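Residues per chain, in single letters:
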Amino acid sequence: MAASASTSPHSLGADLRALRLLRGLTLSDLSARLGRSVGWLSQVERDKSDPSVADLREIAAALDVPLSTLFGEGAATPEEKGLIVRKTARRPIGNGEGGLIEELLSPDLTDSFEVVHSTFQPGAAMAAPVSRPTQEVGFVVSGTLELWIGDHAFTLGAGDSFRIRGQSYRWANSTDTPTVVIWVISPPVY
């Protein structure tokens, strides 16, 4: 990534800064975790220095995000950059484990929320409940999703929606067809 005179709100540096701040970390906190100087990290966040793939791997681990989250935006025209995400230019997130394939629909990670396209493959299931300090709303585009929020079990179909406010949850797709869900998550977690 070429250095710029100022950080674009839609750049790797801006995404790293947003992820760091959302986790309540200072430049000093993250640089200490990385064993790097505050100055180096500041330059990376301002797009003045290009981190290596090894650096990005360490940063992703320190921020607890998949490495793929840090690998750029899809191709966009100058007019579309930061505004439009074409279907062919979605950023993959997550690692696809457990039959969940996710793509970032938001142009970047600098907003107070993110929009995610999730495809739950047939037979996919989250083994153990998780909870995270977020508010999340999901809309089932197609298929069937079994969802447990706290102690409550729900079966959702196309057109149904749900909200999770920091509660523990888990999901499963026990059907033989993929299920597609659009999530809005605040604050961003990827």
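Structure shown above.
Residues numbered from 1 in each chain as written. Predicted model: local features only at pLDDT ≥ 70, side-chain atom pairs only at ≥ 80, totals over all residues. Heavy atoms only, no water.

## Notes on the nonpolar core
Core analysis: the biggest nonpolar cluster contains 38 residues, and Leu-63, Leu-70, Phe-162, Tyr-169, Trp-171 and Trp-183 have the highest contact counts within it. The dominant element in this core, judged by the number of residues it contributes, is helix H4 (residues 53–63), at 5 residues. Not counting residues within four places of it along the chain, the set of residues in contact with Tyr-169 comprises Met-126, Pro-129, Val-130, Arg-132, Glu-136, Leu-147, Trp-148, Ile-149, Ile-164 and Trp-183. (Core = buried A, V, L, I, M, F, W, Y, C linked by side-chain atoms within 4.5 Å. Buried < 20%, exposed > 50% of the residue type's maximum accessible area, 1.4 Å probe, protein only. Helix = DSSP H or I, 4+ residues; strand = E, 2+ residues; numbered from the N terminus. Contact = heavy atoms within 4.5 Å.)

## Remarks on the sheet that holds strand S1 (residues 91–93)
If you walk across this open sheet you meet the 6 strands as S1-S2-S3-S9-S4-S7, and the pairing is antiparallel. Every interior strand has two partners, whereas the edge strands, S1 and strand S7 (161–165), have only one. For this sheet, the mean inter-axis angle between neighbouring strands, taken without regard to orientation, is 25°. Direction of pairing for strand S3 (residues 114–120) relative to strand S9 (residues 179–186): antiparallel, over a ladder of 7 bridges. Across the sheet, the residue bridging to Glu-114 is Ile-185, located in S9. (Pairing = 2+ DSSP bridges. Axes fitted to C-alpha atoms, helices over the stretch in contact; angles between N-to-C directions.)

## Notes on a nonpolar patch on the surface
A cluster of nonpolar side chains, namely Phe-113, Val-137 and Val-184, defines an oily patch on the protein surface of about 220 Å² accessible area. Secondary-structure assignment places Val-137 in strand S4 (residues 135–142). Residue class for Val-137 comes out partly exposed when judged on its relative accessible area of 42%. (Patch = residues over 30% accessible without salt bridge, like charges linked within 9 Å, V, L, I, M, F, W, Y side chains within 5 Å. Areas by Shrake-Rupley, 256 points an atom, 1.4 Å probe, with all protein chains shown as cover. Salt bridge = Lys/Arg side-chain N within 4 Å of Asp/Glu carboxyl O.)

## Observations regarding the environment of Trp-183
Relative to the assigned elements, Trp-183 resides in strand S9. As a C-alpha pair, Trp-183 and Val-137 span 46 residues in sequence and 5.6 Å in three-dimensional space. If we skip the residues at most four places from it in the chain, Trp-183 touches Glu-114, Val-115, Val-116, Ser-118, Phe-120, Glu-136, Val-137, Gly-138, Phe-162, Ile-164 and Tyr-169.

## Details of the sheet that holds strand S6 (residues 152–157)
Spatially, S6-S5-S8 is the arrangement adopted by the 3 strands of the open sheet, whose pairing is antiparallel. Each edge of the sheet is formed by a strand with only one pairing partner; in this case those strands are S6 and strand S8 (169–172). With direction set aside, neighbouring strand axes in the sheet form an average angle of 20°. Pairing of strand S5 (residues 144–149) with S8 involves 4 bridges; the strand directions are antiparallel. Bridge pairing links Ile-149 to Tyr-169 in S8.

## Topic: the packing of helix H2 (residues 27–34) against H4
Interaxial distance between H2 and H4 falls to 10 Å at its minimum, and their mutual angle equals 120°. Viewed along their axes, H2 and H4 adopt a mutual orientation that is oblique. Handedness of the crossing formed by H2 with H4: right-handed. Across from Leu-30, Arg-33 and Leu-34 in H2, the residues of H4 making contact are Glu-58, Ile-59, Ala-62 and Leu-63. (Parallel < 35°, antiparallel > 145°, perpendicular 65-115°, else oblique. Left-handed = near helix turned anticlockwise from the far one by under 90°.)

## Description of the pattern of salt bridges
Side-chain pairs of opposite charge can arise whenever the charged atoms involved come near each other. Under the counting rule described, the total for this entry stands at 6 salt bridges. Its salt-bridge partner being Glu-80, residue Arg-86 comes within 2.3 Å of it at the nearest N-O pair. The exposure class assigned to Arg-86 is partly exposed, which follows from its relative accessible area of 44%. A relative accessible area of 14% places Glu-80 in the buried class. Arg-90 is the partner of Glu-103 in a salt bridge, and the nearest nitrogen-oxygen pair spans 3.0 Å. On the criterion of sequence distance, the pair formed by Glu-103 in strand S2 (residues 100–104) and Arg-90 in the loop between H4 and S1 is long-range, its members being 13 residues apart. For Glu-103, a relative accessible area of 24% gives the class partly exposed. Classification of Arg-90 by relative accessible area gives partly exposed; the value is 23%.

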